[in-house]
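What the coordinates show
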Amino acid sequence: MERRLISTGSPFEKTAGYSRAVVQGGFVFVAGTTGYDYATMTLPATVEEQTRNCFRTIAAALKEAGTSMANVVRATYYITDAADAETVFPIFGEVFGDIRPASTLLVVAGLFKPEMKIEIEVTAALPGVATDTLFS
C-alpha cells in the first residue's frame, strides 16, 4: 500500500517537517495533536476545550484518511498537570466509551508551549485493508 500524508495546514507541520497523519499499510498514524483550532490558529485556555479541539482535529484527519474514531486502536494522552486527569477522563469516555482503544495517559513536565495543556496521538485501522502490509 502506498504511503499517504495528511496535513491540517498548520504552519508547524512544514516548519517541523511532519504530517498530521500518515496512512500506511492498513493503519492511520495521527501525530500528537494539541488543542489549537487550526482554522483560527487560536488555543483555548481550558483543558476541556483544548481536549475537544484535539479530538475534532483527529476526527477530521481520520475522515480524510478514510476511517473514523470508531476504528481507533491506540490512543496516547499527554497532560501537563495531573490534576487535569479527572477533568479530561469524561471527555475521553464521551469519544471512546464503546470503542475502548488501548490507551496510555502520561503526565509530562511540559509541551512545546506553556499554554498547551494536552496532546493526543492515535492509531486507527483502515476498514477493509489488510494490516499485514504495514511495511511492505
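These lines cover the structure that appears in this document, whether it is placed above or below. (Residues numbered from 1 in each chain as written. Predicted model: local features only at pLDDT ≥ 70, side-chain atom pairs only at ≥ 80, totals over all residues. Heavy atoms only, no water.)

What the rule picks out here adds up to 3 salt bridges. Of the charged contacts, one joins R56 and E49 as a salt bridge, the two residues approaching to 3.6 Å between their closest N and O atoms. Among the residues examined, R56 registers a relative accessible area of 48% and is labelled partly exposed. When the shortest N-O distance is used, the salt bridge between R52 and E94 registers 2.9 Å. Of this pair, R52 sits in helix α2 (residues 47–65) while E94 sits in helix α3 (residues 85–96), and the two are 42 residues apart along the sequence. Taking the relative accessible area as the measure of exposure, R52 reaches 29% and is therefore partly exposed. (Salt bridge = Lys/Arg side-chain N within 4 Å of Asp/Glu carboxyl O. Buried < 20%, exposed > 50% of the residue type's maximum accessible area, 1.4 Å probe, protein only. Helix = DSSP H or I, 4+ residues; strand = E, 2+ residues; numbered from the N terminus.)

One finds V28, F55, L62, I118 and I120 to be the most contacted residues of the largest nonpolar core, which totals 27 residues. Mapped onto this core, the elements with two or more residues apiece are β2 (21–24), β3 (27–34), α2, β4 (72–79), α3 and β6 (118–125). When residues of this core are assigned to their parent elements, the largest contribution, 7 residues, is made by α2. In this structure, Y36, Y38, L111 and M116 belong to the second largest nonpolar core, which totals 5 residues. (Core = buried A, V, L, I, M, F, W, Y, C linked by side-chain atoms within 4.5 Å.)

Along β4, 6 of the 8 residues are buried, which leaves the element largely enclosed by surrounding structure. Direction of pairing for β4 relative to β6: antiparallel, over a ladder of 7 bridges. Of the residues in β6, the one forming a bridge with R74 is T123. As paired strands, β4 and strand β5 (residues 102–107) are joined by 6 bridges and run parallel to one another. Counted as the bridge partner of Y77 is L105 from β5. In the classification by handedness, the crossover that spans β4, the intervening α3 and the parallel β5 is right-handed. (Pairing = 2+ DSSP bridges. Right-handed = clockwise from strand over helix to strand, strands pointing away.)

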